[in-house]
Amino acid sequence: MQTVILKDDSKGIASAAEMLSAGGVVAIPTETVYGLAASAYDDNAIAKVFKAKGRPQDNPLIVHICDMDMLGEVAADLPDEAFALAEAFWPGPLTMVVKKSDKIAQSVSRGLDTVAVRMPDHPVAGQIIRRSGLPLAAPSANISGSPSPTSAAHVIADLDGRIDGVVVSGDSRVGVESTVITLATKPPRLLRPGLITAEELKAYLPDLVIDSAVLAQPEEGQKVASPGMKYKHYSPKTEVILVEADAAAFADFVNGQRECAAICFDEDAEKITLPTLCYGSGEDEESQAHSLFSCLRQADGLGVKRVYVHAPKKSGVGLAVYNRLIRAAAFKVIKL
Ligand code: AMP
Ligand code: MG
C-alpha cells in the first residue's frame, strides 16, 4: 500500500475526509499526539487500524467528535457531569468513558458497553471530522508498544506503507495522550493521566478516584478498568530504566554507568558525563510532556544498551509523564 502524504491545507483536509468516508485509515494531527483515524461506524475500517498498529485485540479506541450533536450520536444516557466537563474542557485533551450508542461499531469498544469520547483542540482534526461528517476512532498513530508519535515524521517512520494517508502538520503541542476518565462507574475514576490534571477535574468530580493502574503495574490477571493500562508501552528498542532521585544523586548514579545514556532535565545536563537527551525543565512538567516521546525515540539513535531517565514529580502534569515512563521502562524503577 502506498501511503499518501497530505498537506494540512483545505485540499489535504478534503482528501483526508474523502479517504475516511471511503473506509480508509489516515493519520491526523491532534493537540495531544498524531492519531490513526478511521470511521467509528465502520467495522472494516476499524479492523485496518488494529492491523496497521499491531494493537492488542482487547484494547478499545477513543472516538473523536467535533461538536455536541456528535456526542449525542455516539453516546447514550449521558450524566449531567459529562455536559459540565465538556463545557469546561472541550475542545481539549479530556476523554470521557460513557455508555455507548448502538451506532458505534462493536469493534471500537471491543465488546464493552461503553465508549471513550473526546473533542480534540486542533483545527485540522476538527475540520477533518466536520468535513467527513463522521466520528473518528483514533488511537495513537504508531506501532503498538513504541513511543507515541508527536510529529508526522514519527508516524511515517512507524506506519509508511501500512496506512492510506498521513496529514502532515506541525509537532503536537501537548505531547502526551489525553486524560481518560470513566463516568460509567461510581465513583468516577481517572484511568489515564494527561494535561488535564486530577486536581483540575476534582472541581467538577469531587469523588474522582485515581485508578491503581495509573502509578503501578496491574497484578497478573487483575481486571483493569482501561485495558490499555496493562501493557508495556511507549518503549524504544533500547532498555529504559526510570530513576527516582534528586539532581545530585541522579548525576552521581548515571556517571558511574558504562555504555549507557541519560534522559534528564535541562538543569541536569551539565553535571552528567554520559550522552544525554533533555526532556524539558524539572520545574515545568508541560515542557516534559511535550518532549518526552521524541526523546524516547531518539534514544535508539545513541547506540547504547540502556538509558536511565530522571523521573518527574508525580503531581499535576508530572503524573502523566510518570505514567508513560513507568510503562516505557516496563515498570523497572530505581529509587535512590
Ligand atoms: P490510545 O488509543 O492508545 O490513546 O489508548 C486509548 C486508551 O483509552 C486505552 O488505555 C484504552 O484502554 C482506553 N479506553 C478506550 N475506550 C475505553 C472504554 N470504553 N473503557 C475504558 N477504557 C477505554
Ligand atoms: Mg497509543
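What counts and what doesn't
Here the residue numbering is sequential within each chain, running from 1 through the sequence in written order. Just so you know, chain letters begin at A and ligand numbers begin at 1, following the order they were written in. Thresholds applied to this predicted model are a pLDDT of at least 70 for local features of residues and 80 or more for the giving and counting of side-chain atom pairs; totals over whole chains, interfaces and linings are not thresholded and use all residues. Excluded from the side-chain calculation are hydrogens and water; included are all heavy atoms of the structure. The secondary structure listing takes helices from DSSP runs of H or I that are at least 4 residues long and strands from runs of E that are at least 2 residues long, numbered from the N terminus. Each radius of gyration is computed over the set of C-alpha atoms, and the globule rule expresses the reference value as 2.2 Å times the number of residues to the power 0.38. Remark: exposure states derive from per-residue accessible area (1.4 Å probe, protein chains only) relative to the maximum for the residue type, with buried under 20%, exposed over 50%, and partly exposed in between. Any two residues whose heavy atoms approach within 4.5 Å at even a single point are treated as in contact. Surface accessibility follows the Shrake-Rupley procedure with a 1.4 Å probe radius. Residue values consider only the protein chains on display as shielding. Charged-residue counts in this description rest on Lys and Arg as positive and Asp and Glu as negative, His and the chain ends being excluded. For charged residues, the charge sits on one atom: NZ in Lys, CZ in Arg, CG in Asp, CD in Glu. Think of it as the arc spanned by the lines of direction from the helix axis to the C-beta atoms. The criterion for a residue being near a molecule or strand is simple. One of its heavy atoms has to lie within 4 Å of it. N or O atoms within 3.5 Å of each other form a polar contact, as long as, within protein, one can give a hydrogen and the other can take it, and as long as residues adjacent in sequence are counted only when both atoms are side-chain atoms. Pairing of aromatic rings covers Phe, Tyr and the six-membered ring of Trp, with a centre-to-centre limit of 6.5 Å; geometry is then stacked below 30 degrees between planes, edge-to-face above 60, and tilted otherwise. Charge over a ring is defined by NZ of Lys or CZ of Arg lying within 6 Å of the ring centre and within 35 degrees of the ring normal. By the convention used here, strands pair only if DSSP detects at least 2 bridges between them. For helices, the fitted line uses only the C-alpha atoms of the stretch in contact; every axis is such a line through C-alpha atoms, and the angle between N-to-C directions lies from 0 to 180 degrees. Note on angle classes: values under 35 degrees are labelled roughly parallel, values over 145 roughly antiparallel, values of 65 to 115 roughly perpendicular, and the remainder oblique. Note on convention: the crossing is left-handed when the near helix lies turned anticlockwise from the far helix by less than a right angle, right-handed when the turn is clockwise. We call Asp, Glu, Lys and Arg charged. Ala, Val, Leu, Ile, Met, Phe, Trp, Tyr, Cys and Pro are nonpolar, and the rest, Gly among them, are polar.

(A) Quick peek at the overall build of the protein chain. Within the protein chain, the secondary structure is distributed over 11 helices and 16 strands. Compactness check: the protein chain gives a C-alpha radius of gyration of 19 Å against a globular reference of 20 Å for 336 residues, within 12% of the reference. Taking the principal axes of its C-alpha atoms as reference, the protein chain extends roughly 55 × 50 × 35 Å. The proportion of buried residues among the 336 residues of the protein chain is 58%. In the protein chain, of all internal contacts separated by at least 6 residues, the share reaching a separation of at least 24 is 68%. Here the protein chain displays about 13,700 Å² of accessible surface, and carbon together with sulfur accounts for 50% of that area. The average position of the 34 basic charges and that of the 42 acidic charges among the side chains of the protein chain differ by 6 Å.

(B) Up close: helix α7 (residues 152-159). Listing the buried residues of α7 in full gives A152, H154, V155, D158 and L159. Each buried residue of α7 lies within a common arc of 155° when the element is viewed along its axis, so the set occupies one face. The exposed set on the far side of α7, more than 90 degrees from its buried face, consists of A153 and A157. On its buried side, α7 packs onto β2 (26-28), β3 (35-39), α2 (43-53), β8 (165-168) and α10 (285-299). G161 lies just past α7 and shows a positive phi near 85°.

(C) A look at the site of ligand 1. Near ligand 1 lie 17 residues; those nearest to it are N59, T114, R192, S226 and G228. Contact distances for ligand 1 include 2.8 Å between an oxygen atom and a side-chain N or O atom of N59. Within the complex, 96% of the 500 Å² of free accessible area of ligand 1 lies under protein. Mapped onto the shell around ligand 1, the elements with two or more residues apiece are β6 (114-118) and β10 (189-192).

(D) Broad picture of the packing of aromatic side chains. Tallied over the full model, the rule gives four aromatic pairs. Seen in terms of ring centroids, F253 and Y308 are 5.1 Å apart; in terms of plane orientation they differ by 90°. Their pairing is edge-to-face. With F253 in helix α9 (residues 247-255) and Y308 in strand β15 (residues 306-310), the pair connects residues that are 55 residues apart, well separated along the chain. Taking NZ or CZ as reference, R110 lies 3.8 Å from the ring centre of F50, over its face.

(E) How the structure looks around the sheet that holds β10. Overall, mixed pairing links the 11 strands, which are arranged β1-β8-β2-β3-β7-β4-β6-β5-β9-β10-β11 in an open sheet. What marks the edges here is a single partner per strand, and that holds for β1 (4-7) and β11 (209-210). Here β1 runs beside β8; their pairing, made up of four bridges, is parallel. Across the sheet, residue I5 finds its bridge partner in β8, namely V166. Contacts between helix α1 (residues 10-21) and the sheet are confined to β1, β2, β3, β7 (136-137) and β8, with β1 contributing the most and set at about 135° to the helix. Sheet strands in contact with α2 are β3 and β7, and its direction is about 155° off that of β3.

(F) Geometry of the packing of α10 against helix α11 (residues 318-328). Interhelical geometry of α10 versus α11 gives an angle of 20° and a closest axis separation of 9 Å. In terms of orientation, α10 lies roughly parallel with respect to α11. α11 is crossed by α10, and the crossing has left-handed handedness. Across from E285, Q288, A289, L292, F293 and L296 in α10, the residues of α11 making contact are G318, V321, R324, L325 and A328. Of the residues that constitute the contact of α10 with α11, the class distribution is seven nonpolar, two polar and two charged.

(G) Representation of the sheet that holds strand β13 (residues 260-264) in the model. The strand order β14-β13-β15-β12-β16 describes an open sheet built from five strands, whose pairing is parallel. Two strands bound the open sheet, and with one partner strand each, they are β14 (276-278) and β16 (333-335). Shown here is a sheet whose adjacent strand axes are inclined to one another by a mean of 25°, direction ignored. As judged from the four bridges shared by β13 and β15, these two strands associate in the parallel manner. Directly across from A261, in β15, lies its bridge partner V307. Those strands touched by α9 are β12 (239-244), β13, β15 and β16, and its axis lies near 170° from that of β15. Sitting on the sheet, α11 is in contact with β12, β15 and β16, with an inclination near 135° to β12.

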